[in-house]
Amino acid sequence: MRALLVDHSAPSGLRLDTTGDPDPTPTQAVIQVAATSLNFGEIEVLAHMPEGWIPGWEAAGIVSVPAADGSGPPAGTRVVTLGESGGWAELRAVDTSSMAAAPPDVDLGELSTIPVAATSALRALRRVGSLLGKRIMVTGASGGVGAFAVQLARLGGAHVVASTSSPSAVDQLRALGAHEVISSPDRYSGFVDGVIDCVGGPQLVAAFDKLAAGGTLVSVGHTTGEPEVFPLGALLVDDGRRDRSLITFHQIDGTPLPPDFAWLSEQLAAQNLHTTIGWRGGWDRYGEAVQAMRTRRLRGKAVLEIAD
Ligand SMILES: NC(=O)c1ccc[n+]([C@@H]2O[C@H](COP(=O)([O-])OP(=O)(O)OC[C@H]3O[C@@H](n4cnc5c(N)ncnc54)[C@H](OP(=O)(O)O)[C@@H]3O)[C@@H](O)[C@H]2O)c1
């Protein structure tokens, strides 16, 4: 098969080349990958991976060989998949506990954005608790996770405050369901019940300061790479705002992934949820996609189409 392989001599750190087909374990199905979407985190780790390693966390495609143990969907099923590697290839072996069947009418490129960005947004919002009638702030709202969090919070019945550093994203965020769009958390004049923070650093500190009593901030991302420094008094309850909490988060939390993948895919099919794709192209243009991610020229997801 062909795959994008780590190549430290290449400017992008990758080359498109031929390599051996995957050798699945009994609990793994083999997927013919149609599309994969890129995440900043997996681009960052390329420099530390061995020569010939195949990256790729999330991918959508068609089951070509079902799992030998009988778990998972049969051959020919459209699926979304998640793994620690191997998604940037024509064929990928994936454990059946990390895949779900997808509805027939949804584009596989859009489906490839479900396993990391959409699933993280869903699981982070669950950590806040019931959303009905609550005020939820999302920072880094125009990013991959943020755009899904805005939509899912709205679907869950929240009043959504989207915080974005991109003035050109304001209209799009309103169209996705944000009731209010602000340029940074410290510009918000009220209090919120929950925060999905995709940025970290000073934005996390400012967003924490906007929590009402009992409110929860879920720390999803650390995009800025800056430290979180709380000023003296930030944790006091002089104004009655007791029981505020900050939760660290990882999308892999021990609960089953397939039900979340399936539900999110159904929401895409029903057009209750939309994927924001900022770059899309054939996988021979991988260098362009990686560069766009590295230089932060993207809004939303980058999707590589894996050609036969
Ligand atoms: N813990 C987990 O399990 C988990 C899962 C998925 C992702 N993550 C992490 O969550 C973060 C967001 O992921 P993502 O896929 O949404 O990333 P992304 O698409 O790159 O979006 C990040 C957003 O952060 C905002 N931002 C603010 N300051 C920034 C800066 N200095 N540089 C770049 N962006 C800045 C931008 O949105 P605005 O322009 O709207 O401000 C940007 O679109 C990443 O750190 C990722 O590694 C964690």
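Scroll up for the structure.
Residues numbered from 1 in each chain as written. Predicted model: local features only at pLDDT ≥ 70, side-chain atom pairs only at ≥ 80, totals over all residues. Heavy atoms only, no water.

Asker: Can you tell me about the environment of glycine 281, naming the residues and giving the values?
Answerer: Within the secondary structure layout, glycine 281 lies in strand β14 (residues 277-282). For glycine 281, a relative accessible area of 6% corresponds to the buried category. When the C-alpha atoms of glycine 281 and leucine 236 are compared, they prove to be 50 Å apart, with 45 residues separating the residues in sequence. Those residues in contact with glycine 281, other than ones at most four positions away along the chain, are Val303, Leu304 and Glu305. (Helix = DSSP H or I, 4+ residues; strand = E, 2+ residues; numbered from the N terminus. Buried < 20%, exposed > 50% of the residue type's maximum accessible area, 1.4 Å probe, protein only. Contact = heavy atoms within 4.5 Å.)

Asker: Just give me the short version of helix α6 (residues 201-208), but keep the residues and values in it.
Answerer: Counting buried residues along α6, seven of its eight residues qualify, which places the element largely inside the surrounding structure. Residues of α6 that are buried in the fold lie against β8 (135-139), β9 (159-163), β11 (192-197), β12 (211-219) and β13 (245-248).

Asker: Can you explain the packing of aromatic side chains? Please cite residues and give values.
Answerer: Enumeration over the complete set of coordinates arrives at one aromatic pair. Considering the side-chain rings of phenylalanine 208 and phenylalanine 230, the 5.6 Å spacing of their centres and the 90° angle between planes classify their relative orientation as edge-to-face. You can see phenylalanine 208 sitting in helix α6 and its partner phenylalanine 230 sitting in the loop between β12 and β13, a full 22 residues away along the chain. Given the relative accessible area of 30%, phenylalanine 230 is considered partly exposed. (Phe/Tyr/Trp six-rings, centres within 6.5 Å; stacked < 30°, edge-to-face > 60°.)

Asker: A description of the site of the ligand should follow, citing residues and the corresponding values.
Answerer: Near the ligand you find 22 residues, and of these Ser142, Val145, Thr164, Ser165 and Ser166 are the closest. Measuring from an oxygen atom of the ligand, one finds a backbone N or O atom of histidine 222 at 3.2 Å. At 2.8 Å from an oxygen atom of the ligand is found a main-chain nitrogen or oxygen belonging to glutamine 251. The set of elements that each furnish at least two residues to the shell around the ligand consists of α3 (114-128) and α4 (144-155). Broken down by class, the residue content of the shell around the ligand amounts to seven nonpolar, 14 polar and one charged. (Near = heavy atom within 4 Å. Polar contact = N/O pair within 3.5 Å; in protein donor to acceptor, adjacent residues only side chain to side chain. Nonpolar A, V, L, I, M, F, W, Y, C, P; charged D, E, K, R; others polar.)

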